[in-house]
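Close look at the chain arrangement
Here's the letter readout for the chains.
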Amino acid sequence: MPQKLNSITTLKKLWPFIKPFKKALFVAVFGLLLNAATDATLISLTKPLLDNGLMDKNYSLLILIAITIVGLILLRGLSNYISTYCLSWLSGKVVTKFRQMIFHHLIKSPISFHDKQSIGDLVSVITFNTQMLSKASSDALIILIREITYAVGLCIVMLYGSWKLASVLIILVPLIIFIAQFIAKKFRHTIASMQAGMGQITVASDEMLKGHKEVLIFNAKEYEKRNFNIITDKVRSGMLKIEIVSRLSTPLIQLIATTGLGFILYLVASQNLDITPGSFTVVFSAMVAVMRPLRELTSLHVELQKGAVACESLFELLNSPLEHDNGTIVVDRVKGNIEFKNVTYTYPTRNTPALNNFCLKIDAGQTIALVGRSGAGKSTIASLLPRFYDISKGEILIDSINIQQYTLKSLRKQIGYVSQNVHLFNGTIAENIAYGEKELHSEDDILRAAKQANAIEFINKLEHGINTEIGDNGILLSGGQRQRIAIARVLLRDNPILIFDEATSALDNESEKLIQKALEVLQKNRTSIIIAHRLSTIEKADRILVIDDGKVIEDGNHEALIKLNGIYAQMHKMQFNS
Amino acid sequence: MNRQNNQKYINDIDKDYSTWKTFLKLCPLIMEHKLVLSFSIILLIASAFADTSLIALLRPLLDRGFSMNDQNFLLMAPFYIFGLVLLRGIANYGYSVLLSLISGKIVMKIRQRLFSHFVEAPVSYYDQNSTGRLLSRITYDTDQVAASSSDALITIIRETAFICGLFYTMFYNSWQLSLSLIIITPIVIALISFISIRFRRLAKNMQNSMGNVTMSVEQMLKGHREIIVFGAQEEEVKNFEKVSNKFRRDSMRLVSISALSTPIVQVVISFAIAFVLLTASNPDLNITPGEFTVVFSSLVALMQPIKSLTSVNAGFQKGMAACQTLFSILEQPIEKDNGSLNVNRVKGDIIFKNVSFKYETRDDLALNNISFTVPAGKTVALVGRSGSGKTTIANLLTRFYEITDGEISIDGVDICEYTLFCLRNQIGLVSQNVHLFNDTIANNIAYGKIGEFSQEQIEEAAKKANAYDFIKQFDKGFDTVVGENGVLLSGGQRQRIAIARALLRDNPILILDEATSALDTESEKTIQKALDELQKGRTSLVIAHRLSTIENADKILVIGDGTIIEQGTHTELLNKDGAYTKLYKSNFNE
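What counts and what doesn't
- Residues numbered from 1 in each chain as written.
- Chains lettered and ligands numbered in written order.
- Predicted model: local features only at pLDDT ≥ 70, side-chain atom pairs only at ≥ 80, totals over all residues.
- Heavy atoms only, no water.
- Axes fitted to C-alpha atoms, helices over the stretch in contact; angles between N-to-C directions.
- Helix = DSSP H or I, 4+ residues; strand = E, 2+ residues; numbered from the N terminus.
- Parallel < 35°, antiparallel > 145°, perpendicular 65-115°, else oblique.
- Left-handed = near helix turned anticlockwise from the far one by under 90°.
- Contact = heavy atoms within 4.5 Å.
- Nonpolar A, V, L, I, M, F, W, Y, C, P; charged D, E, K, R; others polar.
- Pairing = 2+ DSSP bridges.
- 1 Å grid on protein atoms, 1.4 Å probe; cavity = no way out; pocket = protein on both sides within 12 Å on 5 of 7 lines; lining within 4 Å.
- Points joined across faces, edges and corners; volume = space filled by probe spheres on them.
- UniProt positions renumbered as here; feature names shortened; annotations may be inferred.
- Buried < 20%, exposed > 50% of the residue type's maximum accessible area, 1.4 Å probe, protein only.
- Domains from an automatic or database assignment.

**Things to note about the packing of helix α1 (residues 19–31) of chain B against helix α4 (residues 71–120) of chain B**
All names here are of chain B.
- Closest axis-to-axis distance for the α1/α4 pair is 10 Å, and the angle between their directions is 115°. Put simply, α1 runs roughly perpendicular to α4. Regarding α1 and α4, the two cross each other, and that crossing is right-handed. Taken together, the residues of α4 that come into contact with α1 (itself represented by Leu 26, Leu 29 and Ile 30) are Ile 106, Lys 109, Ile 110 and Arg 113.
- A per-class count over the contact of α1 with α4 returns five nonpolar, no polar and two charged.

Put into C-alpha cells, the structure is as follows:
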C-alpha cells in the first residue's frame, strides 16, 4: 500500500475513463452551478422582500416575488434532477467500464499471478472498491462544484446585503478551511485500513464457504464462528475510531462561524450601524445557510481520500503484468514435434527448481507417458508447454519454433489439455463440451465427442440429456462424470497435441478402458503426452519416461523398461503385486 | 452462456414482507442498545430544538432588535445564538458518534449471525447456492444495512422533530400565514409513499444484479485455466459485459426515481411559500416583519428536512430490502440436530437398513433400498462405476444429507439420535477433493481441534501419512502457510496432509473416499501400509477404483445404479464370476 497518497494525482488518472462521457459531465456541472445560483438567489430575495415588500408595504412587489420564488424553485428542482441523473449515469458508466477492464485484465493475467491472489480479495475489489470509487468521486464532484459555488454565491449575497457585516467573513473563511484540512489530515490512513478490513472479512467468509464440508466433518463450527467474530469486531472498532475523529470537524467549524455571526450582531448593536431589517436578515440567513456548504467542504477531503484509495487499488490491479504475448507466428495446425532444450524452471513460490536442465525430444505422432513420484516434475512439463508459466532458462520448441514466438492464441489452439482438476461452468453439458467454440460445432459433433469420452450413456439418462444444466462447477455430477465431460471437451477440438495429466484418475476401470480405446484411435497422428499413476493405462505408449527430481531417469517403451529392471520395473511390480 | 438465468439453483426465498415488517424484525437487535439509543434520541431532539430556536429567534431579533431598536436585546442576542449553536454542536457530535457505535454493532451482529447460519447450513444448501452469492450477502448486503440503520434513524427522528418544531413555530407566530401547511402536508406524504413502493422493488433488482456480477467474477477466477486453454476469453468478457451492464441499468433506474422525489416535493412547498406571500400582501392583516420572516424562513427551512426525509427513505428502503434478504436466509433451515445422545467412543457397528435416498436437485434415486452391515473393526470396500452411489453412502453416514427412507445405525442406535457433534467426532473422512485452509500445515493437520494436540502428535501423524519429509523441506516446516486451498502444494502433498489430518484424530470409524487417487504408486504403497495399520480395530469404509487397494477388505460391496449387486470377500466374489470378476479382470486385461 502506497504511503503518501496524493488524491488529486490519483484521481486525475480517472480522466481518460471520464473523457468519453464529457458531455454528461458538462451538463451535470452546469446543473450543479445552476442549482447553487438559484439557491443563492433565493436567499438574496429576502432583502427586497422585507425592505421593499413588507416595510414599504409594496404589495404588488410581494406578488411578483411570490411568482419568482416558485419559478426559482422549479428551476432548482430541474437542475438538481438533471445534475444528479447525469452524474449517476456518468459514474455508472465509468465504474462499469472499470469493472469490465479489470475483468478483461484478470483473464489475461498469467497463472502465476492468480496463484498468489485470493479469489475473495479480487471479487471484493471488483465489486466493493469500484462502488466506493463511484460514490466518493461523484460526492467529491458535487461538493467541489455545487457547494463551493453556493458558498461563493452566498458571500456575494452577504457582501451585497451589507459589506460591512460581510467583511468579517473574509477573515473567518480561511481560518475555517485551515482547520478543516488539519482534521482531514488526521485520519488519512484510516480510510485504507477500512478497505483492508472489508477485505479480511471477505477472505475469512470465502474460506469457510468453500471448505464447508471440512468444517462439518471436523466439527470446527465453533472455531470458525469464533474466528469470524474476532475479525468482524476488529473491523467494527476500527471504523468507529474513524467516526469519532471525523465527526469533530463539523461542530468545530460551526462554532467558529457562529462566533463570526455573534460578532456581527455585536457590531450592529454597539456601533449603531444603520442596517435595514432586510439587509440584516439576508446576511443572517446567508450566514446560517453557508454552514452547510462549509460542512460539506470539510468532508471533501475525506471523499477525495476514499476515492483515491479505491482508485489506487484498482489501478494497481490494472497495472499488474499480463501474460507475455509478444509472439507473432500464427499457424493453422502444427505437425507436433516437441523439444525441451536445457529447460530449468522454478515456480515463483518455491525455492528449488522443478525442472533442472531438462531435455526431451518428442516426434510428431508419438505417444509418450510420464511417470514418477508426485512432485517430481511431470505436471510442470505439462504446464510449460501451453505456456501456463514462462521459462527464462532454456527453450521449448514446437516444430522447431520457440513456443514464445507463436501467438498465445495460436499456441493454445494446438494443445488439448485435460487435468485432474476439472472446472466446468454453470451451463448445459453441451455448452460445456463446446466451451469457447459454441458456434463452430453442431449438436452432432458434440454428441460424437460425448460418445468418444464414454459420457453418452449417463447423459442420456438425464431428463434434458445434453441440454441439462449442471450447476456451479458441475456440482451435481459425480467426479467421474465431470472428468468425462472434460475429456469430451478436448476431444471435440481435434488438437494436434494432447496433454492428459491424470485425466482419468477419477474414473473406474471400465470407463477408463473405454476411453482408452477411443483415445488409442485418436492418438494416431497426434502427439500425446500422458501423465498417469495407473501404469496399466500407459503400457501401449511409444515411449515411457521416468521423471525424478526434474530429470529424465529412464526412457524407453514398456518392454525395454521391464527388461531394464530399473525404477519403472519396480513400480510396475508394486502396482500389480497383490 | 445464459448464466444469469440459472435461477433454478438460487434458493432465495422472496417472501413479500413490507419494509415495516422487516424493520420490526431488526428491532430486537436495535433494542439491545436501548440506553445508548434513548440518549441519542434525546440528543437528536435537542439538536432539532436548537435549530428551531435559532429560527424562532428571528422574530424578537427583527421586531424588538431592529424595529424597536432595543440595544440591550441586540447585545444579548449573540450569546443566545452562541449558546444554541454550542448545544447543537455537542448534540450533533454526540448522536452521530453514538449511533455509529450502535449501527456498527448491529451490522457486525448480523454479519456474525449470517456467517454462523452458513456454518450450520446443510450441505444441500451449498449445492444450490454459489459461494460467490453467499459471499456477497455477507459483504455487500450487510453493508447496505449499515448505510441505512443509523442514517435513517438520525434523519427520521431529527428531521421529524425539526419539522414539528417548525410547524409549531409557524402556527405560534401567525396562524393565518401558516394555513397553507394544512394542504401541502397530505400531498407531500402521498407523493413520498408512492415513490417508495416503486423504489423498493428496484432496490431488490439491483441487489440481485450485484450478486450476478459477483458470481461471474468468481466463476472466471476459479475456471481461469480452462478459459485460457479453451481460448474462451472473448466469450467470458462478453458475458461479463452483459451482466455488469444490467447492474448499471438497474442502478440507474433506482437513481431516476430517487432523484425525482426531492424536486417534486420542493415545488409543492414553493406553492406554499407563494401562498404565504400572497396572504402577507393583504393589507388588512397586520403582519410584523418579525412574524413574516419567521414563517417565511420556517417554510424555507422545511425544504431541507423534507429533502432529507425523502432521500433517506431511499437509503432506508435499500437497506430494508437487503435486510429482508438476509433475514429470509436466516430463516431457512439449518442442519437438523435433534439427537441428544453423546458417546465418548462408539464401537463401530454400522448397519444400513433399507436405505433409499434422492438428492434434492436430481430426479433419480441415488440409493435404492440398500441394506448391509459392517461389524466393528472390519473393513468394507465399496466398488462400482463412477456415479453408482458409493460417495453417497459416505455422505449419508456423516449426515451431510438426511435419508428419505430406511435407517442407518451405529452401535444399534439410529444416527439421528446422536448429536451431530458427537457423530462426526466418531468418523474420520478423507475424500478425493481435499480442501485445506489458508493456515499453517500444523493447523491444517489439527484442524477443528487446534490446541488439543501437541506438536509431537502432529508430527507423528505426518510421519504415518508419509508427509513428514516434504514438510520438513519447507523453510518454515510445519509452520509454513499453505495458501488458499493449499495452492502452493502439489496434489499428492495435499492429500497426504489430509490423511495426516484424519490419522491424528484416531476415530473409531474411517471413511476413505478415493483417498489415494492423486498419489503415485510409491506414495500410495507407503500410505497403504499406514492405512492398513490404522484400519486395525477400526471400522473402515473404503471407496476406491484400484482393486489392489480393496482386495484385503473383509467384505466387498459392488454397487451399481444405487443398489448392491454383489457382496462377499474377494475370493467369494471371484468364484461367483459376476460383476466383480468383470471389474477385476478389466484391471489387467489388455
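So much for the structure itself; the text now carries on.
**What about the sheet that holds strand β2 (residues 367–374) of chain B?**
All names here are of chain B.
- Read across the open sheet, the four strands follow the order β2-β1-β4-β5; overall the sheet is antiparallel. Strands at the two margins of the open sheet, each flanked by one partner only, are β2 and β5 (413–414).
- Where strand β1 (residues 350–357) and β2 come together, five bridges link them in antiparallel fashion. What sits directly across from Phe 357, in β2, is Leu 367.

**What to know about empty space enclosed by the protein**
- Evaluated as defined, the whole model comprises 16 cavities of 30 Å³ or more.
- When its volume is computed, the second largest cavity comes out at roughly 100 Å³.
- Lining the second largest cavity, in full, are Val123(A), Ser124(A), Thr127(A), Phe128(A), Met198(A), Thr202(A), Leu135(B), Ser136(B), Thr139(B), Tyr140(B), Met210(B) and Thr214(B).
- Sorting the residues of the lining of the second largest cavity by element identifies α7 (119–161) and α9 (190–210) of chain A together with α6 (131–173) and α7 (180–222) of chain B as the ones contributing at least two each.
- Here the residues of the lining of the second largest cavity sort into six nonpolar, six polar and no charged.

**Details of the UniProt feature "transmembrane region" (unreviewed entry) in chain A**
All names here are of chain A.
- Under the present numbering, the feature "transmembrane region" (unreviewed entry) in UniProt falls on residues 58–75, 140–160, 166–184 and 244–269.
- Between the end C-alpha atoms of residues 58–75 the distance is 26 Å, and the span holds 94% helix and 0% strand.
- Strand forms 0% of residues 140–160 and helix 100%; the C-alpha atoms that close the span are 29 Å apart.

**Focus on the packing of helix α11 (residues 221–246) of chain A against α4(B)**
- Interaxial distance between α11(A) and α4(B) falls to 9 Å at its minimum, and their mutual angle equals 160°. The angle between α11(A) and α4(B) places the two elements in the roughly antiparallel class. Regarding α11(A) and α4(B), the two cross each other, and that crossing is right-handed.
- Looking at side-chain class alone, the contact of α11(A) with α4(B) contains nine nonpolar, six polar and nine charged residues.

**Considerations on the sheet that holds strand β1 (residues 338–345) of chain A**
Residues and elements named next belong to chain A.
- The sheet built from four strands is open, its strands ordered β2-β1-β4-β5 with antiparallel pairing. Each edge of the open sheet carries a strand with a single partner, namely β2 (355–362) and β5 (401–402).
- Looking at chain direction, β1 and β2 are connected through five bridges and run antiparallel. Bridged to Phe 340 within β2 is Leu 360.

**As for the pairing of strand β8 (residues 527–531) of chain A**
All names here are of chain A.
- Most of β8 is tucked away: five of the five residues are buried.
- In β8, alternate side chains face the same way, and those of Thr 527, Ile 529 and Ile 531 on one face and Ser 528 and Ile 530 on the other are all buried.
- Pairing of strand β3 (residues 367–371) with β8 involves four bridges; the strand directions are parallel. In the sheet register, Leu 370 faces β8, and the bridge partner there is Ile 531.

**Observations regarding the layout of surface pockets**
- Approximately 1100 Å³ is the volume found for the second largest pocket.
- Contributing to the lining of the second largest pocket are 42 residues, with Lys409(A), Lys413(A), Phe230(B), Gly231(B) and Ala232(B) lying nearest its centre.
- The set of elements that each furnish at least two residues to the lining of the second largest pocket consists of α5 (59–108), α15 (408–414) and β6 (415–419) of chain A together with α8 (224–229) and α9 (233–280) of chain B.
- Looking at the lining of the second largest pocket residue by residue, the classes come out as 15 nonpolar, 10 polar and 17 charged.
- Looking at which domains feed residues into the lining of the second largest pocket, each of domain 1 (7–318) and domain 2 (338–577) of chain A gives three or more.

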